[in-house]
Structures are given as structure tokens and as C-alpha cells.
Amino acid sequence: MAWVDSGYHFCFHLFIRSEIITASRCDSDQEFPALVLAAGASSRFGRPKALLTLRAQNGQSCTLLDRAIAQGRLLSRDVRVVCGAWYSLIRFRCRAQPARWVRVADWHEGMAASLAAGIRSLGPRVKGVFVLVADQPLLDTEALGTFGEAARCFPTQPAAADYGRHPGVPAYLPRGLWPEALALEGDRGAGRLLAKAGATRLNIPGVHDDIDTPEDWERIRQAVSRKGPLTRQSQG
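Residues numbered from 1 in each chain as written. Predicted model: local features only at pLDDT ≥ 70, side-chain atom pairs only at ≥ 80, totals over all residues. Heavy atoms only, no water.

Undergrad: Can you tell me about the overall build of the protein chain, naming the residues and giving the values?
TA: Looking only at helices and strands, the protein chain features eight helices and nine strands. Expressed as a percentage of the 236 residues in the protein chain, the buried residues total 54%. Contacts in the protein chain between residues at least 24 apart in sequence constitute 74% of all its contacts with a sequence separation of at least 6. Just so you have it, the protein chain exposes about 10,800 Å², and 50% of that area is on carbon and sulfur atoms. (Helix = DSSP H or I, 4+ residues; strand = E, 2+ residues; numbered from the N terminus. Buried < 20%, exposed > 50% of the residue type's maximum accessible area, 1.4 Å probe, protein only. Contact = heavy atoms within 4.5 Å. Areas by Shrake-Rupley, 256 points an atom, 1.4 Å probe, with all protein chains shown as cover.)

Undergrad: Any chance you could break down the nonpolar core for me, citing the residues and the numbers?
TA: The tendency in soluble globular proteins is for nonpolar side chains to be buried as a group. Residues Leu65, Val81, Trp101, Phe130, Phe147 and Ile204 are the most contacted members of the largest nonpolar core, which totals 34 residues. Among the secondary structure elements, those contributing two or more residues to this core are strand E1 (34–37), helix H2 (64–73), strand E4 (79–83), helix H3 (87–93), strand E6 (128–133), helix H5 (141–153) and strand E7 (159–162). Top element by residues in this core is H5. It accounts for four residues. Apart from the residues within four sequence positions on either side, Leu65 is in contact with Val36, Ala38, Ala50, Val81, Ile90, Cys94, Trp101 and Ala134. Among the nonpolar cores identified, the runner-up in size contains 24 residues, and Leu35, Ala39, Ile119 and Leu122 belong to it. (Core = buried A, V, L, I, M, F, W, Y, C linked by side-chain atoms within 4.5 Å.)

Undergrad: Can you break down the pairing of E6 residue by residue, with the values?
TA: For E6, the tally of buried residues reaches six of six residues, placing the bulk of the element in the interior. Burial along E6 is two-sided: Gly128, Phe130 and Leu132 facing one way and Val129, Val131 and Val133 facing the other are all buried. Here four bridges tie E6 to strand E8 (residues 167–174), and the two strands are oriented antiparallel to one another. Directly across from Gly128, in E8, lies its bridge partner Pro174. (Pairing = 2+ DSSP bridges.)

Undergrad: How would you summarise the pairing of E8 if you had to cite specific residues and measurements?
TA: Counting buried positions over the eight residues of E8 gives seven, a clear majority of the element. Linking E7 back to E8 in an antiparallel pair, the connection comprises four residues, with Gly164 at a positive phi of about 95°.

Undergrad: Any details on the confidence of the model for the protein chain? Residues and values, ideally.
TA: Per-residue confidence for the protein chain gives a mean pLDDT of 83, with 81% of residues at or over 70. Counted against residues more than four places away or in other chains, residues 18–24, with its pLDDT under 50, gives 14 contacts. pLDDT under 50 marks residues 230–236. Its contacts with residues more than four places away, or in other chains, come to 14 contacts. (pLDDT = per-residue confidence, 0-100.)

Undergrad: Could you give me a rundown of the packing of aromatic side chains, with the residues and numbers involved?
TA: Geometrically, a pair of aromatic rings is defined through the distance of the ring centres and the angle of the planes. What the rule picks out here adds up to four aromatic pairs. Consider the rings of Tyr87 and Trp101, whose centres lie 6.2 Å apart with planes at 90°: the pair is edge-to-face. Here the residue Tyr87 occupies a position in helix H3, and Trp101 occupies one in strand E5 (residues 100–103), the gap between them amounting to 14 residues. Given a relative accessible area of 12%, Tyr87 falls into the buried group. (Phe/Tyr/Trp six-rings, centres within 6.5 Å; stacked < 30°, edge-to-face > 60°.)

Undergrad: Talk me through the sheet that holds E4; I want residue IDs and the actual numbers.
TA: Taken together, seven strands build an open sheet; the order of strands is E5-E4-E1-E6-E8-E7-E9 and the sheet is mixed. Of all strands in the sheet, those with a lone pairing partner are E5 and strand E9 (200–202), marking the two edges. Strand-to-strand twist across the sheet, computed as the mean angle between neighbouring axes with direction ignored, equals 25°. Packed onto the sheet, helix H4 (residues 111–120) meets E1, E4, E5, E6 and E8 and runs at close to 150° relative to E1. (Axes fitted to C-alpha atoms, helices over the stretch in contact; angles between N-to-C directions.)

Undergrad: Requested: an account of the state of the cysteines, with residues and values cited.
TA: Per the stated rule, a full pass over the model turns up zero disulfides. The cysteine Cys94 is free of any disulfide, with Cys83 supplying the nearest cysteine sulfur at 9.1 Å. (Disulfide = S-S within 2.5 Å.)

Below you can see the structure in the form of C-alpha cells.
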């Protein structure tokens, strides 16, 4: 746990939980890595969303990307951050270093390019990959861990968070679905692909609490400040 800076105790308990959950998975982590997609320019904010800082009631804090890496570690020790815009700054400022940085040269082409770059970084042993984004800090950690275990039990079956009308991230893409994922274009993720493939949908509270606007950011900051980092979130 030496990679956790003393100033980032806000995420400390989540990191500890992720170490415990993943301790028994060491041998299979290379078969089930996790990608954190953080390649966008965050133009609405004028600065990278990945480096926005959450602060709890006790004054402790961490960035959204630190938080996302901790979430990824609930799924696998092999967490890779896919980064494009702001790459040098984000890599310099990130405290919770991932297993690997994946730089996306064509990040401006949209989320599909980021997903493709992440998939291409994976080796031949990989059976499937978990996909997360950096702007969902309120994901329920227990539900996320359950999602990871379910995907590992059925490695050829796609799975995703249930958004009601469609599946979405966090998602699990088995290797058999990669050719279609690599063929995606533009700023669309794999939601339609997952729906077409009949992905298993799981309830993961917190998926609707993503950050698209400054108003979203203010609402989530206040929620974390009131409830603290590890309070289980629920929809509605």
C-alpha cells in the first residue's frame, strides 16, 4: 500500500477493501484485467475531470481518477488507465498508480477509440475485460465486487450495469465480443453492443451519479461531503 499518499486517506479504506477482495485472485488477474477510460478532454470544465478532488467530512480527499482506480481494484489487480487528453498532467498528478498507462493518440475521435486502445493493450491470456469510467465516484463497492465475481464465474457472457432502458458501464466484455468492440466508432461506448449481445444486467447503485456538468459535480461533491466515501449509495 506504499502507493497511497498520506494526503489521500479519503480512499484508504476502499483500497484496503480492494486488496482483501483481490488477494485470492492473483493468479487470474491477468485473465480479467480492468480498464478505466479517462481519455476525454473534459472541455465543459476547462480542466481534466479525472483530477477533480472529492473531500469528505473529515477533510481527507482524493481525485476522481484515484477513486476510479480503487474501484477497478475491486475487480482486478491489473487496472489499466486509458488516457489521451491531458495525459502528462494526469499521469503526474495521479497518486494511485495503475498497473499500466495506455496512451490514446486518437482520443479526440471519441470513447470508441479509447476502448479500442485499451483492448489492444491486452495480452493473449485475457478471457475478458472490465470497463469503468473515471466519473462515477459513488458506485456501490459491495455491488461492484459482486459484479466482478459474477463475470468471472461466466467468462464468456457479457455483463453490464443496468440503467433501466439499456446496459452500460461498469461493463464486462468477454474476448469473443472484442472484434465488434474494436469496430465501434465515434463517441458511443459499448452500450448498444452489450444490448445486442444479450448482456446480463446487474444493479449497481451509483451508476446514474456520473459527472457531465458542473451542476453534477457540485451535487456529487456535496453528497460525498455529507455521507463520506464509503457510504453505500442507492438509486432514487
